[in-house]
Amino acid sequence: MPRSKSKSVSFHEDVTNDTFHLSETKISDVKGSAEKRTMTLIGKNVCHDSVYINAAKIFQGIRNKKPKDKMLVRYGDDSVSPALTFEDEYSQRVSYELAFNALKYQELLEEILLDSCVYPCQSIPDELTSLLVVMLYDLQDRKFEAREIFDEEEPVAEVRKIEHFLYSFRIKLAAALARYRIKHDALSIEYILPETIRKHEQRASALPLCVWINTFKTSLQDVVRDLKNKGFTKVESVSDFNRYTYCMDQHCHDVLFFPFSLKEELLNSDLFADCKLLLQDKSRSLAVHSVQALLNMDGDVIVAHVGSHLTVAHMSALRNRSMSRVFVCGVKSSAKADELRNLFNHMGCENIQLLYEDFTEIRPTDPRLQNAKVILLIPQCSGLGFSNPIDFILSENGDAGLLRDLLQGSVSKDKLCRLAERQLTELMHAMKFKVEAIVYCTSSVYPEENELVVKKALESGVEGHKLKRFRLIPPVFPTCSNPESCTDFFFRTELSEISSGCFLAIIAREKDSSENVSIQDILARAASKGLLVSVSKAVTKLRKKNVSQPVSYVQPKKPVSPAAGTGLPRVLKHTAHLPSIGKVHGRQMLARKARAERKKVVLKPVEIVFPPVISPYVRPQPGMPTSSSYFDRTGAKSVSDRALPPPLPKSGQTNCAKESAVAVRVLKLSSRFTEKHQSM
């Protein structure tokens, strides 16, 4: 933290003007400019009265509470959570931004009120203290200038009263702010914050923008063409960003990344205005793509929480070309349902069904959900893995208490226990449904909300005796370039300069030995991961290569001689004593054989990699050979070097054998197709 006495306020100058200047001081280096970008999105002189009221209500609920013997600034009663009413999404974001900034600088703002002798004031009751603190922050952020008032704005008496009171003491307030900064030797109020908070906000301000492509409105090819026409260049990774560039995600085929500096420009573009591109954190895209890879063509999806409507829309877009439906639980009210329907209609979604009941209130035997195959469970969590807390609260209907937890650097034990208990209840309820798999995803950094919840649910045996047990399976999207992100079948990303933190686990039901895994299911899962496209291209390339090679001569196959000691007659090598008709017939046969050899296309062995089918893995038992598999004959690598999970019941061995039989059958069908093609 830079400290320099020479840059402190001089009291021989105009205190007010100097305070204006110092409150907006920017550091010239890159780090300082990055931290400055974390300033609130609130536009100067444009806050409406309703924004102040909502911000004061939010701040009242999340403020830092001091013991009564140390409480110099008194606030009103906050035992009852106030109702918040927002005009639009922008006013909602601005209200939370203003409340969060008041919370970050609560100690500073209270000190200014006390040092300037503006507080206490008999004309301002304790119930308005939160409004006083919130408006004081905004006043100093405006350089103590008057706020612009709009004619169409409906005035709020309390706001106008506090505003007039603060503005009348603006000189004293500015002087108190200058003295505080001299005392702490701070170039700007941002440097009063703890180092951990400033680094967190710096990361959030530089985090690449993550967007997903709405296939209801456009396609990847069209988006790439539009970006190229707009002057964008595709690069390999976020480390190669340079102004108008973008890159593809390594896990999700419909996710793109852009530099953070282009946020305002992108949000004002036609791609976003027409809902062709939608801004959302990558962790939610990982969750919906995991669900997609587990489904066949007609399986339904249950989304256990409304959460972000963007997550539901993304799931709907991925299931666009199937007969699936996406059931969303916990809508609760008709007003909320109408709001969601309007949003989904605007984005082009057509396969979404809204359910008013909470997920835990829905019976596993509900007839509406009998075709459901996968449950997507994104429960309410502490959210400390999310880079931008405001985005998390607004997009996921999160608790505003996250702002206080972020400043404190941790979550209280009581709150963590309550969250973990609720998450476990919801996961165990999901396991009672007759579904094939459950995708569990959080934005928490605590094991109590992540792997411990999953392990406790698996150990509970809540499925009963009528349903097969669940087990952990690896993530079904392509492996991350960072091998440390996958440990013990859990997928996680840490909070960093390029991504938010998330945790993802997939549990799937064990397959019964009597159940058949159809070729259609295998091919559908392979297609969802793009495996069929790569195999098809490789085979086509080999065929073209072999066909283009000239055939200089044809060497007839040697006759097969019978084994020695048998009673079978040997084929004579010399045919000079044969009749002339036999010679002609022999020459005709050789000619036909040569022509057939010329038509043959020599195909090299190709390894066919099938996607993971939801069936138990089997660890080789002691004494069993581990250096061979049915792929070895085609030149593929052995499975002996792979790390396998613990052994499971013998029913899993039968399923593995069935998978092998399916693979052999596909190979035989391919061979028959080749022979048929050659004979044509």
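What you see is a predicted model, and the numbers here were worked out from it, not measured in a lab. (Residues numbered from 1 in each chain as written. Predicted model: local features only at pLDDT ≥ 70, side-chain atom pairs only at ≥ 80, totals over all residues. Heavy atoms only, no water.)

1. Overview of the overall build of the chain
Part 1 of the argument: The helix and strand inventory of the chain stands at 23 helices and 14 strands.
Part 2 of the argument: Of all 680 residues assigned to the chain, the portion counted as buried reaches 44%.
Part 3 of the argument: Across the chain, every contact between residues at least 6 apart in sequence was considered, and the portion connecting residues at least 24 apart equals 77%.
Part 4 of the argument: When the accessible area of the chain is evaluated, it comes to approximately 36,900 Å², of which 54% is carbon and sulfur surface. (Helix = DSSP H or I, 4+ residues; strand = E, 2+ residues; numbered from the N terminus. Buried < 20%, exposed > 50% of the residue type's maximum accessible area, 1.4 Å probe, protein only. Contact = heavy atoms within 4.5 Å. Areas by Shrake-Rupley, 256 points an atom, 1.4 Å probe, with all protein chains shown as cover.)

2. Let's talk about unusual backbone geometry
A negative phi angle is the norm for most residues apart from glycine, just as the trans form is the norm for most peptide bonds.
Part 1 of the argument: Omega for the bond connecting Tyr 119 with Pro 120 falls within 30 degrees of zero, at 0 degrees, which places this linkage in the cis form.
Part 2 of the argument: You can see Pro 120 is positioned in the loop between helix H5 (106–115) and helix H6 (129–141).
Part 3 of the argument: Positive phi values are uncommon outside glycine, yet Cys 117 reaches one of about 60 degrees.
Part 4 of the argument: Along the chain, the position of Cys 117 falls in the loop between H5 and H6.
Part 5 of the argument: In this structure, Arg 243 takes a positive phi of about 60 degrees despite not being glycine.

3. Details of the pattern of salt bridges
Part 1 of the argument: Applying the stated criterion across every chain, the model contains 22 salt bridges.
Part 2 of the argument: Here Arg 368 ties to Glu 357 by a salt bridge, and the two come within 2.9 Å at their closest N and O atoms. Highlighted residues: Arg 368 in the loop between strand E8 (352–354) and strand E9 (372–377) and Glu 357 in the loop between E8 and E9, separated in sequence by eleven residues.
Part 3 of the argument: A salt bridge links Lys 415 to Asp 405; the nearest nitrogen and oxygen atoms lie 2.6 Å apart. (Salt bridge = Lys/Arg side-chain N within 4 Å of Asp/Glu carboxyl O.)

4. Focus: the nonpolar core
Part 1 of the argument: Formed by 61 residues in total, the largest nonpolar core has its most connected members in Leu 166 and Leu 173.
Part 2 of the argument: Those elements that provide at least two residues to this core are helix H3 (49–62), helix H4 (89–104), H5, H6, helix H7 (157–168), helix H8 (170–184), helix H16 (389–396) and helix H17 (401–408).
Part 3 of the argument: With eight residues, the single largest contributor to this core is H6.
Part 4 of the argument: Beyond its immediate stretch of four places on either side in the chain, Leu 173 contacts Ile 112, Leu 113, Ser 116, Val 118, Leu 136, Leu 139, Phe 144 and Leu 166.
Part 5 of the argument: Residues Val 303, Ala 337, Leu 376 and Ala 508 belong to the second largest nonpolar core, which totals 49 residues. (Core = buried A, V, L, I, M, F, W, Y, C linked by side-chain atoms within 4.5 Å.)

5. Structural notes on the packing of aromatic side chains
Part 1 of the argument: This structure, assessed with the given rule, holds eleven aromatic pairs.
Part 2 of the argument: One aromatic cluster is present, formed by Phe 232, Tyr 244, Tyr 246 and Phe 258 through successive ring pairs.
Part 3 of the argument: One residue, Lys 104, lies across the ring of Phe 100, its end atom 5.1 Å from the ring centre.
Part 4 of the argument: For the cation-ring pair, Arg 170 lies above Tyr 167, with the distance from its terminal atom to the ring centre recorded as 4.2 Å. (Phe/Tyr/Trp six-rings, centres within 6.5 Å; stacked < 30°, edge-to-face > 60°. Lys NZ or Arg CZ within 6 Å of the ring centre and 35° of its normal.)

6. Focus: the packing of H6 against H7
Part 1 of the argument: Viewed as axis vectors pointing N to C, H6 and H7 meet at an angle of 55 degrees, and their least axial separation amounts to 10 Å. By the angle class used here, H6 and H7 are oblique. The chirality of how H6 crosses H7 is right-handed. Facing H6, whose interface residues are Leu 131, Leu 132, Met 135, Leu 136 and Leu 139, H7 presents Glu 158, Val 159, Ile 162, Glu 163, Phe 165 and Leu 166. (Axes fitted to C-alpha atoms, helices over the stretch in contact; angles between N-to-C directions. Parallel < 35°, antiparallel > 145°, perpendicular 65-115°, else oblique. Left-handed = near helix turned anticlockwise from the far one by under 90°.)

7. Topic: a negative patch on the surface
Part 1 of the argument: Residues Glu 87, Asp 88, Glu 89 and Glu 154 make up a contiguous surface patch of negative charge.
Part 2 of the argument: Along the chain, Asp 88 turns up in the loop between H3 and H4.
Part 3 of the argument: With a relative accessible area of 41%, Asp 88 lands in the partly exposed category. (Patch = residues over 30% accessible without salt bridge, like charges linked within 9 Å, V, L, I, M, F, W, Y side chains within 5 Å. Lys, Arg positive; Asp, Glu negative; His and termini not counted. Charge placed at Lys NZ, Arg CZ, Asp CG, Glu CD.)

8. Remarks on the sheet that holds strand E2 (residues 233–234)
Part 1 of the argument: Taken together, the five strands give an open sheet; going across it, the order is E2-E3-E4-E1-E5, and neighbouring strands pair in mixed fashion. The sheet is open, and its two edges are formed by E2 and strand E5 (277–279), each paired on a single side.
Part 2 of the argument: Bridge count for strand E3 (residues 245–248) against strand E4 (residues 255–258) is two bridges, and the pairing is antiparallel. Bridge pairing in E4 links Met 248 to Leu 256.
Part 3 of the argument: Along the sheet, helix H14 (residues 309–318) makes contact with strand E1 (209–213) and E5, crossing E1 at roughly 40 degrees. (Pairing = 2+ DSSP bridges.)

9. What about the packing of H3 against H6?
Part 1 of the argument: The N-to-C vectors of H3 and H6 enclose an angle of 115 degrees; their axes lie 8 Å apart at closest approach. The interaxial crossing formed by H3 with H6 has right-handed handedness. Here H3 contributes Tyr 52, Ile 53, Ala 55, Ala 56, Phe 59 and Gln 60 to the contact with H6, which in turn contributes Ser 130, Leu 131, Val 133, Val 134, Met 135 and Asp 138.
Part 2 of the argument: Tallied by class, residues from the contact of H3 with H6 come to nine nonpolar, two polar and one charged. (Nonpolar A, V, L, I, M, F, W, Y, C, P; charged D, E, K, R; others polar.)

10. Points about the state of the cysteines
Each disulfide is one covalent bond, formed between the sulfur atoms of two cysteines.
Part 1 of the argument: Under the defined criterion, the tally for this structure stands at zero disulfides.
Part 2 of the argument: Free cysteine Cys 247: the closest other cysteine sulfur is in Cys 210, separated by 9.5 Å.
Part 3 of the argument: Cys 247 gets classed as buried once you look at its relative accessible area, which sits at 3%. (Disulfide = S-S within 2.5 Å.)

11. Overview of the environment of Lys 511
Part 1 of the argument: For Lys 511, the position within the fold is in the loop between strand E14 (502–509) and helix H20 (519–528).
Part 2 of the argument: A sequence separation of 75 residues divides Lys 511 from Glu 436, and the C-alpha atoms of the two residues are 8.9 Å apart.

12. Focus: the pairing of E4
Residues in a regular strand project their side chains so that they alternate between the two faces of the sheet.
Part 1 of the argument: Burial of E4 is two-sided: the residues Val 255 and Phe 257 facing one way and the residues Leu 256 and Phe 258 facing the other way are all buried.
Part 2 of the argument: Relative to E4, E1 runs antiparallel, the two being bridged by four bridges. Bridging from a neighbouring strand, Leu 209 pairs with Phe 258 of E4.
Part 3 of the argument: Between E3 and E4, which follow one another and run antiparallel, lie six residues.

13. With respect to the side chain of His 314
Part 1 of the argument: Its location among the elements puts His 314 in helix H14.
Part 2 of the argument: What makes His 314 buried here is its relative accessible area of 0%.
Part 3 of the argument: Residues in contact with His 314, not counting those within four places in the same chain, are Trp 212, Asp 254, Ser 285, Val 288 and His 289.

14. Here's the deal with the confidence of the model for the chain
Part 1 of the argument: In the predicted model, the chain carries a mean pLDDT of 77, and the fraction of residues at 70 or more is 67%.
Part 2 of the argument: Of the regions scoring below 50 in pLDDT, residues 479–485 engages in nine contacts with residues more than four places distant in sequence or in other chains.
Part 3 of the argument: Within the model, the stretch residues 614–654 combines pLDDT values under 50 with 62 contacts to residues more than four positions away or in other chains. (pLDDT = per-residue confidence, 0-100.)

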